[in-house]
Amino acid sequence: MTISYTLAPIPKWIIIGNDGLTAGGAKLYTKSSLNPLSNKAVYQDPAGSIPWENPIIFDLNGTQGPFYWKTDTANPNDLYYLEAYASNDTLLWTLNNYGPPGGSGGGGGTTFAPLKNLIANNVFINSSGS
C-alpha cells in the first residue's frame, strides 16, 4: 500500500463562471468518487501534511492552487468527485473520477518520420531531418 500526493498537470486552477469571466470567490468541493457525500481532502504540499479547507475558496481572480491529489495503491478506484460553485452558490460544473495521471513520465518510443514539410509557415520549414 502506497499513499502519494501528486501534483496534476494543472498546478494553478482557474474557474470560469457561466458568464465566461473568471469566477472570483468560487468554491471547489472535493469528495470521494466512490461516495460523493464524503469529503476527500486535497493538499497544499507534496507531503500531504497541509490540507486545503473543503470547500476550497478561490481568489478574486478565480484561481487557486497548487493542489496535490491523494492516491492510494490499495484503493486505486477511490478518485475525486469535484463540484464547482460560483460565489453565489450556483453550480458551475461537476467532474467525477478525477485523479492525477499515473506513470513515471517520459515519452518513450518516439520515432522520427522523414516527411516532406508542406506547411507554408516559416516556423515549420526547417526540420530536424535531412
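Rules used throughout
- Residues numbered from 1 in each chain as written.
- Predicted model: local features only at pLDDT ≥ 70, side-chain atom pairs only at ≥ 80, totals over all residues.
- Heavy atoms only, no water.
- Phe/Tyr/Trp six-rings, centres within 6.5 Å; stacked < 30°, edge-to-face > 60°.
- Buried < 20%, exposed > 50% of the residue type's maximum accessible area, 1.4 Å probe, protein only.
- Helix = DSSP H or I, 4+ residues; strand = E, 2+ residues; numbered from the N terminus.
- Lys NZ or Arg CZ within 6 Å of the ring centre and 35° of its normal.
- Pairing = 2+ DSSP bridges.
- Core = buried A, V, L, I, M, F, W, Y, C linked by side-chain atoms within 4.5 Å.
- Contact = heavy atoms within 4.5 Å.

Let's talk about the packing of aromatic side chains
Thought 1: On inspection of all chains with the given rule, the structure shows 10 aromatic pairs.
Thought 2: Taken together, a centroid distance of 6.2 Å and an interplanar angle of 65° make the contact between phenylalanine 58 and phenylalanine 67 edge-to-face.
Thought 3: For phenylalanine 58, a relative accessible area of 3% corresponds to the buried category.
Thought 4: When its relative accessible area of 0% is taken as the criterion, phenylalanine 67 is described as buried.
Thought 5: Seen from their ring centres, tryptophan 69 and tyrosine 80 are 4.9 Å apart, and the 75° between their planes marks the pair as edge-to-face. Placement of tryptophan 69 in strand β6 (residues 68-72) and of tyrosine 80 in strand β7 (residues 80-85) is noted, with a sequence separation of 11 residues between them. Here tryptophan 69 and tyrosine 80 have matching classes, each one buried.
Thought 6: Every member of this aromatic cluster is reached through a ring pair, and the members are Trp13, Trp52, Phe58, Phe67, Trp69, Tyr80 and Tyr98.
Thought 7: The lysine or arginine in question, lysine 40, covers the ring of tyrosine 80, its NZ or CZ lying 4.4 Å from the ring centre.

Quick notes on the sheet that holds β7
Thought 1: Judged by pairing direction, the sheet is antiparallel, and its four strands sit side by side in the order β4-β3-β7-β8 without closing on themselves. Each edge of the open sheet is held by one strand with a lone partner, namely β4 (56-57) and β8 (91-98).

A word on the pairing of strand β3 (residues 27-32)
Thought 1: For β3, a buried count of five out of six residues is recorded, marking the element as mostly surrounded by other parts of the structure.
Thought 2: Pairing geometry for β3 and β4, over two bridges, is antiparallel. Pairing of lysine 27 across the sheet is with isoleucine 57, part of β4.
Thought 3: Examined bridge by bridge, β3 and β7 share six bridges and lie antiparallel to one another.

Here's the deal with the nonpolar core
Thought 1: Grouped together as the largest cluster of nonpolar side chains are 18 residues, with contacts concentrated most on Trp13, Ile15, Leu28, Phe58, Phe67 and Trp69.
Thought 2: Where this core is concerned, the elements lending two or more residues are β7 and β8.
Thought 3: Here this core takes three residues from β7, the largest share from any one element.
Thought 4: If we ignore the near neighbours within four places in the chain, the residues touching tryptophan 69 are Ser4, Tyr5, Thr6, Ala8, Trp13, Thr30, Val42, Tyr80, Leu82, Tyr98 and Pro100.

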